[in-house]
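Coordinate inspection notes
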Amino acid sequence: MSDWQGRDSKLPQGRLTACSYAVVAIVCLLLFGFWKLQVLDSEYFAQLAERNRIRSIPVIAPRGRMLDREGRVLVDNYPSFSVLLLREDAPLLEQHLPEIAEGLGLEPDDLRQQIDAARGLPRFNPIVVKPEATPGDIAFIESHRADLPLLELLMVHRRKYPSEGFMAHAIGYVGEVNEKQIEASGGKLRPGDIAGKFGLEKQYNDTLMGEDGMRRVIVNSLGKEVGRLEQKEAVPGHPIHLTIDYDLQQIAESSLGPQQGAAVVLDPRNGEVLAMASHPAFDPKDFAVRVSKEQWQQLNEDEAHPLMNRAIQAQLAPGSTFKVVMATAMLESKAVPEDFSVTCYGAEDFYGRQFKCHIFGKGTHGHVDLHDALVKSCDIFFYNLGKRLGIDRISFYATQLGLGKKTGIDLPGEQEGLVPSEAWKERVYKQKWFPGETISVAIGQGAITSTPLQLAHTIGGVAMGGQFHRPHLLLGAKDTDEPSFPISEATTEKVSQGMFGVVNEAGGTAHLVHLDGVEFCGKTGSAQVISNEGKARAGHVSGKQLVDNAWFVGFAPRRNPEIVVAVLVEHGVHGATAAAPVARDIIKAYYDKKSHQENKAYTVEMQHYEMDGAQTPQAVAAMVQAAPEPAKKDKE
Amino acid sequence: MRTESKIRDFDWPLMVPVIGLCAIGVFQIWSATRGGNLDGLQWKQLEWIAIGLVGMLVLSRIDYHAVLEQAPVLYLISLGLLILVKLLGETKFGAKRWLNLGFIHLQVSELAKLIIIVVLARYLSELRTERLTLADLMKVGVLTGLPTLLILLQPDLGTALVIVALVGAGLFLAGLEWKHAVAMFVLAALLLPAAWHVLKPYQKQRLTAFFRPEETSQTSGYQTQQSKIAVGSGGIRGKGFGQGSQNQLGFVPVRWADFILAGLAEEQGFVGVLVVMLLYLSLLLRLVGTAQLAGDRAGMFLVMGVAAVIGVHVLVNTAMVIGYMPVTGIPLPLMSHGGSSILFVFLALGLVMNVRLRRFVN
């Protein structure tokens, strides 16, 4: 037996008992720890556990479509995928960052910047690193699901706009909301939401924008979806029906072509905008995802200002188209006798300065009254008329007829133009009005400016005998009646007769564009971009910028007009050759379509009567109600 | 002299908590690995438990004095194996701890723990004194320090700490004087800052995570936090077998091994934890009771060595799960998945049985 064996030493019973107590104490301490977590703080940890396992993924609601007056789709949506980056596992993210950047074709620095920018957001919120995934991206993500559990695809709806900038300015575009919009929305918009930024997209954003749903999913510790919980369905946005007639819009776009300018077509009876084009246009697709800094800068710095909606934002001298307002002012104010006439010698001196007629150097207009002056656009007549009326009377009528103030169209960013007056000059320049300035204003030059939309609105109102309607793009919009400014029938008759002559009389300035069988009335205009003296001073500026703007305003038919058109062609020189053909194309298209529809309607009507016996009682009742006057007489 | 031990002499009161804990462990491993790529891990665990039971029975048959007799040889074997693992071992999780023996990936430090229990029991009982001198302390320090150092080098800080605790318990029972105890504590406190520089980066990270969890929320602190969420969200009654989101969705790290108690706490609640802790309590108290009945000091040291190791394992693992201690990679005895760990505990319990069966002899 070895020396270590044996029973001589007794056991340290005291210390062994102490060990027992230590064991009990330790177990109690540990149980206390569990008690604290599981009983006292249980609710807190239960919440954390829920937050761990549940992630909310937005279900993007599609925006409402935009339809033309006949229900044809102008703006639609298409499904697309955004690439989401899950940021919960920071070390894993750090490790795979170069791989992800390469796989998605992103610059690693760019990706890192995006991640850094989102540092403040809760970690469980994934960020969009690529708004529009290419098929290659989708393949990359799908094939690396197992080894790169950091990427997810989110289905979104993107805007599908007409191509080549068709109606781009009226339609507008959407983009990610900025902080200002989020604040203004009162909690409705969240960062990353897509909202209208321009045009109708902005104007009717609340209608068009749906309410995003929420998909709640169970995720594992890697952030991968492993199950689904309840889902809040997305509420799609409402479509909007526009007053736009796709056919007319198409004509307006193609007829305006590459020229810089705008065309506005209204129905003067109710203010409906049938077409609105502005050139050059931009491609809303560029904004549909995320506009790049360079692209944005380029669009903004372009001298042709493609982002400007010229139809409502170009404030230019209306030129001779303003003579319609002058004529109305003359006849309505009765400050000048109806048979007022002058003799045109090609030029005349006013207040010690020579004012030329457009015919100067090519002859004279001779003796002209109001009708001749309108038809031939004689400046000398209107100089004299202006002198007689005085600036304040001109200003009053121009303002009453809708110039110098917004028309109130349902588009953001409308400009109001300017109607000068003595008070205006005193207010803005602290100077007295020079009588010579009135002479310029009388032919739509000088300080007076208007937008194409304003001119269409004004001319339409005059042709309607002083009835004005707020121009609008939303079909069935309410409260579009404006306070009327009654114009006597005689005045309306005279003015429209003059405008009829412009297009239809042999000597009319727009005789070239007359249409057989259509009572097409109009007025040309060529407005100087800069005064003759200024032209001399700015000799070094490129010629194109100083070339006159061409205008044309027109309506049809002569009585009870149905359509009014205003066309602006910047630097188009002559209203008759540059702007009038655009208006003619549109008016012609309108009548072609109308006669085509009437023929068709006639055929349909005939079929109706033939099928009479087969009608349901309700349909018959409706027909009787809708039947024209003679039906009533029959009953009597 | 040898007595034929009968089946009724077997320590059944000890086997109740042992089997109970094993069973709970198997169920919890089942729950934690269902449907994943470790599906069916509970069957492996059952195999090891069966092997362990056999090993326990075999070891309880051999007189523990015969085992103690071989202490010097065992000591050299353990040193040899520890050096071998340093040279040829398999690297997992950045540490060389495993030797591939064909049928088992042996975690050498588990075997070393068992051998150190035996060696320590032999050495302390040889001293035949009730008061330890400073020289005795030094000798014990060198004897156990050598394998501990090798384990530290693997690196396996957790096992090294367990051995330190084991030696501490042994010294306490061998008659450690209070002044020496205090001196050792002071020395340890002074050496701690120096030790910091020796730590591996991941060990430093774990300690940082423990003391300042908010700074390392994604790594070690993250593990602790997820473990606490699992435990806390379990509440009193638990979420039910296989229903713990933290456990099932993989938020709880190594939920079938080191953090098995976190999964259990989530799915079985405080009630489940209470049952487990009471089982451990009864196991440990039974061990202390066995030590008190031991036939000699050597037997007492053996049993208390086993009790100390199991007790420290339970303490360190459980404290880690509830965030009272840093993450150290110490398994929960009898419950965590792992062949070496299960085998060690059963062999150690075989020694304990041995001591109990021979309490009246000699």
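Fair warning: this is a prediction, and the values are worked out from it, not measured in the lab.

1. Things to note about the interface of chain A and chain B
Counting from both sides, the interface comprises 40 residues of chain A and, opposite them, 49 residues of chain B. At the level of secondary structure, the elements contributing two or more residues to the side of chain A that touches chain B comprise helix H1 (13-40), helix H2 (42-53) and helix H3 (90-104) of chain A. When residues of the side of chain A that touches chain B are assigned to their parent elements, the largest contribution, 17 residues, is made by H1(A). By residue class, the composition of the side of chain A that touches chain B is 23 nonpolar, 12 polar and 5 charged.

2. Quick look at the nonpolar core
With 123 residues, the main nonpolar core has A:Ala263, A:Val264, A:Val265, A:Val565, A:Ala579 and A:Ile586 as its most contacted residues. Sort the elements by how many residues they give to this core and helix H24 (residues 575-610) of chain A lands first, with 9 residues. Taken together, domain 1 (55-241) and domain 2 (246-282 + 309-595) of chain A each give at least three residues to this core, which thus spans both. Discounting residues that sit within four places of it in the chain, A:Val265 has contacts with A:Leu248, A:Ala252, A:Val273, A:Leu274, A:Ala275, A:Ile563, A:Val565 and A:Ile586. Within the second largest apolar cluster, 116 residues are counted, among which are B:Ile116, B:Leu283, B:Val352 and B:Val355.

3. Concerning the confidence of the model for chain A
Per-residue confidence for chain A gives a mean pLDDT of 84; residues scoring 70 or more make up 87%. Low pLDDT, under 50, characterises residues 610-636 of chain A; the predicted model gives this stretch 2 contacts beyond four residues in sequence or across chains.

4. A word on the sheet that holds strand S9 (residues 225-232) of chain A
Strand pairing in a sheet takes place through backbone hydrogen bonds and is either antiparallel or parallel in direction. All names here are of chain A. With respect to topology, 3 strands assemble into an open sheet ordered S1-S8-S9, the strand pairing being antiparallel. Strands at the two margins of the open sheet, each flanked by one partner only, are strand S1 (54-59) and S9. Taken pair by pair, the neighbouring strands of this sheet meet at an average axis angle of 30°, ignoring direction.

5. Structural notes on the sheet that holds strand S19 (residues 563-569) of chain A
Residue and element names in this part refer to chain A. The strand order S12-S11-S19-S18-S17 describes an open sheet built from 5 strands, whose pairing is antiparallel. For this open sheet the edge positions go to strand S12 (272-279) and strand S17 (521-527), each flanked by a neighbour on one side alone. Pairs of neighbouring strands in the sheet enclose a mean axial angle of 5°, with direction left out of account. Helix-sheet contacts for helix H20 (residues 452-463) involve strand S11 (261-267), strand S18 (549-556) and S19, and the interaxial angle to S19 is about 145°.

6. Concerning the environment of B:Leu199
Checked against the element boundaries, B:Leu199 lands in the loop between helix H8 (178-196) and helix H9 (201-211). Distance in space between the C-alpha atoms of B:Leu199 and B:Leu152 is 9.4 Å, their sequence separation being 47 residues.

7. Concerning helix H2 (residues 41-61) of chain B
All names here are of chain B. Over its 21 residues, H2 runs 31 Å from end to end, which matches the ideal 30 Å to within 8%, given 1.5 Å per residue. Those residues of H2 that sit buried are Gln42, Gln45, Trp48, Ile49, Gly52, Met56, Leu59 and Ser60. For H2, the arc enclosing every buried residue in end-on projection is 110°, short of the 170-degree limit, so these residues lie on one face. Away from the buried face of H2 by more than 90 degrees, exposed residues Trp43, Glu47, Ala50, Val54 and Val58 are located. Those residues of H2 that are buried lie in contact with helix H1 (12-33) and helix H14 (339-357).

8. Regarding the packing of helix H14 (residues 323-333) of chain A against helix H21 (residues 489-504) of chain A
Residue and element names in this part refer to chain A. Axis separation between H14 and H21 bottoms out at 10 Å; the angle between their running directions is 150°. Compared by their axis directions, H14 and H21 come out roughly antiparallel. Crossing of H14 over H21 shows right-handed handedness. Where H14 approaches H21, its residues Val324, Ala327, Thr328, Leu331 and Glu332 are matched on the opposing element by Thr491, Lys494, Val495, Gly498 and Met499. Class assignment of the residues belonging to the contact of H14 with H21 gives a composition of 5 nonpolar, 3 polar and 2 charged.

9. Let's talk about the packing of H1(A) against helix H13 (residues 297-321) of chain B
Two elements in contact, H1(A) and H13(B), have axes separated by 11 Å at closest approach and are oriented at 15°. The angle between the axes of H1(A) and H13(B) places the two elements in the roughly parallel class. At the point where H1(A) passes H13(B), the crossing takes the left-handed sense. Here A:Cys19, A:Val23, A:Ile26 and A:Leu30 of H1(A) lie close against H13(B), whose contacting residues are B:Met304, B:Gly311, B:Leu315, B:Thr318 and B:Ala319.

10. Description of the pairing of S11(A)
Residues and elements named next belong to chain A. Where burial is concerned, most of S11 is hidden: 7 out of the 7 residues are buried. Burial of S11 is two-sided: the residues Gly261, Ala263, Val265 and Asp267 facing one way and the residues Ala262, Val264 and Leu266 facing the other way are all buried. As paired elements, S11 and S12 share 7 bridges and run antiparallel to each other. Each bridged residue has a counterpart across the sheet, and for Asp267 the counterpart in S12 is Glu272. Hairpin connection, S11 to S12: the antiparallel pair is bridged by 4 residues, and Gly271 has positive phi, about 85°. Bridge count between S11 and S19: 6 bridges; the pairing is antiparallel. Looking at the pairing, Gly261 lines up with Val569 of S19.

11. Quick look at unusual backbone geometry
Residue and element names in this part refer to chain A. Residues His279 and Pro280 are joined by a peptide bond in cis, for which omega reads -5°. Looking at the element boundaries, Pro280 is found in the loop between S12 and helix H11 (285-288). Of note, the amide linkage connecting Ala556 to Pro557 takes the cis form, showing an omega dihedral of -10°.

Reading the values: rules and limits
Residues numbered from 1 in each chain as written. Chains lettered and ligands numbered in written order. Predicted model: local features only at pLDDT ≥ 70, side-chain atom pairs only at ≥ 80, totals over all residues. Contact = placed C-beta atoms within 7 Å. Helix = DSSP H or I, 4+ residues; strand = E, 2+ residues; numbered from the N terminus. Nonpolar A, V, L, I, M, F, W, Y, C, P; charged D, E, K, R; others polar. Core = buried A, V, L, I, M, F, W, Y, C linked by C-beta atoms within 7 Å. Buried ≥ 20, exposed ≤ 12 C-beta atoms within 10 Å, placed from the backbone. Domains from an automatic or database assignment. pLDDT = per-residue confidence, 0-100. Pairing = 2+ DSSP bridges. Axes fitted to C-alpha atoms, helices over the stretch in contact; angles between N-to-C directions. Expected span 1.5 Å × (residues − 1). Arc of directions from axis to C-beta. Parallel < 35°, antiparallel > 145°, perpendicular 65-115°, else oblique. Left-handed = near helix turned anticlockwise from the far one by under 90°.

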